[in-house]
Amino acid sequence: MKHWKKVKYFSGLTILNIFFIIICLVTLTPILYALTLSFSGSGGALNSGLSFIPETPTLENYRVILVDEPFLLWLKNSVILSVGTMVVAMGTAVTAAYAFSRYRFRGRKAVLQVLLILNAFPQILSMFAIFRLFRTFHLLNSYIGLIIVYAGSMCIFSIWNMKGYFDTIPVEIEEAAQIDGASGKQILTRIVLPLARPAIIVTAVMVLIYVWNEYLFSTTFMMNENSYTLAGGLYQLQSNDYSRSWPLFSAASILVSIPILIIFFCIQKYMVSGLTAGGVKG
């Protein structure tokens, strides 16, 4: 009887693993095809069938992107916007989330609900108003203007995610530190922030990824060719119907994805605890 239960358990586990492997392969198919296409010659996407091995492998597409196209300029613009937004959003969200988690002040729940409601509206609704403000204050084609918009958009998500994580940290730890004579600043910097490191890192990376891939605001408020981000630059590669090259576009897409993949693998150990613990308490 026990032997039959073991066989049944391992059979079910094997079938489940095979099912997940198939899902992973199906999900990876477009990515693998894009990688293959990036090493193909011009017109490889339309002139040949679906194949994961290029007929004539070449690095010409990558050379064109890095040398002939202003890819490095787009990369610099995206790095400035991503890092700037991450610093501003997290600097505001960490302190605000800690205050919402630990202090019971009048209007606390109402403010949290208002922030959540504001985050529910589509960004395009505010597009015209933001454009008028940017034109009035000369913030078009400006890093500062976009950083303000991005930080305001992602600060709400960051506050809610960080607040949920701070709620899971026992208050007794801070009370014990107060009894030992620690100040509020010491409690926050030496106790709370180290304990909340997984959530801080994951939330910061989520902000960075959002800005890295953001397209709507970057193409609307960055109208100068020298201020294009990676998303805007990728669009420009495909904007001309007469010079469209899918292998070139695939190479650029792979290059755009590499920095995010590196960051993801570096913080992978924090991903589960940082995302799940934030939703334990409301």
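Residues numbered from 1 in each chain as written. Predicted model: local features only at pLDDT ≥ 70, side-chain atom pairs only at ≥ 80, totals over all residues. Heavy atoms only, no water.

Check the secondary structure of the protein and you find 14 helices and 0 strands. What you see in the protein, going N to C, is helices and strands ordered as α-α-α-α-α-α-α-α-α-α-α-α-α-α. Sequence-distant contacts, at least 24 apart, represent 75% of the contacts inside the protein between residues at least 6 apart. Accessible area of the protein: about 17100 Å², with a carbon and sulfur share of 69%. (Helix = DSSP H or I, 4+ residues; strand = E, 2+ residues; numbered from the N terminus. Contact = heavy atoms within 4.5 Å. Areas by Shrake-Rupley, 256 points an atom, 1.4 Å probe, with all protein chains shown as cover.)

One pass over the full model with this rule turns up 13 aromatic pairs. Aromatic pair Phe 39 and Tyr 62: ring centres 5.2 Å apart, planes at 45 degrees, arrangement tilted. Pair noted here: Phe 39 is in the loop between helix H1 (2-38) and helix H2 (44-47) and Tyr 62 is in helix H3 (residues 60-68), with a separation of 23 residues, a long-range link. On the basis of relative accessible area, Tyr 62 is assigned to the buried category, the value being 12%. Here the aromatic rings of Phe 264 and Phe 265 are separated by 5.7 Å at their centres, their planes lie at 70 degrees, and the arrangement is edge-to-face. The exposure class of Phe 264 is partly exposed, given its relative accessible area of 33%. Overall, Phe 265 belongs to the exposed group, its relative accessible area being 56%. Ring pairs connect the aromatic residues Phe 131, Phe 134, Tyr 150, Tyr 210, Phe 217 and Phe 221, which therefore count as one cluster. (Phe/Tyr/Trp six-rings, centres within 6.5 Å; stacked < 30°, edge-to-face > 60°. Buried < 20%, exposed > 50% of the residue type's maximum accessible area, 1.4 Å probe, protein only.)

Our next topic: the pattern of salt bridges. As enumerated under the stated definition, the model contains 4 salt bridges in all. Residues Glu 174 and Arg 102 are paired through a salt bridge, measuring 2.7 Å at the closest nitrogen-oxygen approach. Of the two residues, Glu 174 is situated in helix H8 (residues 171-179) and Arg 102 in helix H4 (residues 71-102); the sequence distance between them amounts to 72 residues. With respect to class, Glu 174 is no different from Arg 102; both count as buried. (Salt bridge = Lys/Arg side-chain N within 4 Å of Asp/Glu carboxyl O.)

Low pLDDT marks stretches whose predicted atomic positions should not be read closely. Across the protein, the average pLDDT comes to 84, with 89% of residues at 70 or higher. Across the protein, the element-wise mean pLDDT spans from 54 in H2 up to 93 in H4. A low-confidence stretch, residues 278-282 stays under pLDDT 50, and its non-local contacts, those more than four residues away or across chains, total 9 contacts. (pLDDT = per-residue confidence, 0-100.)

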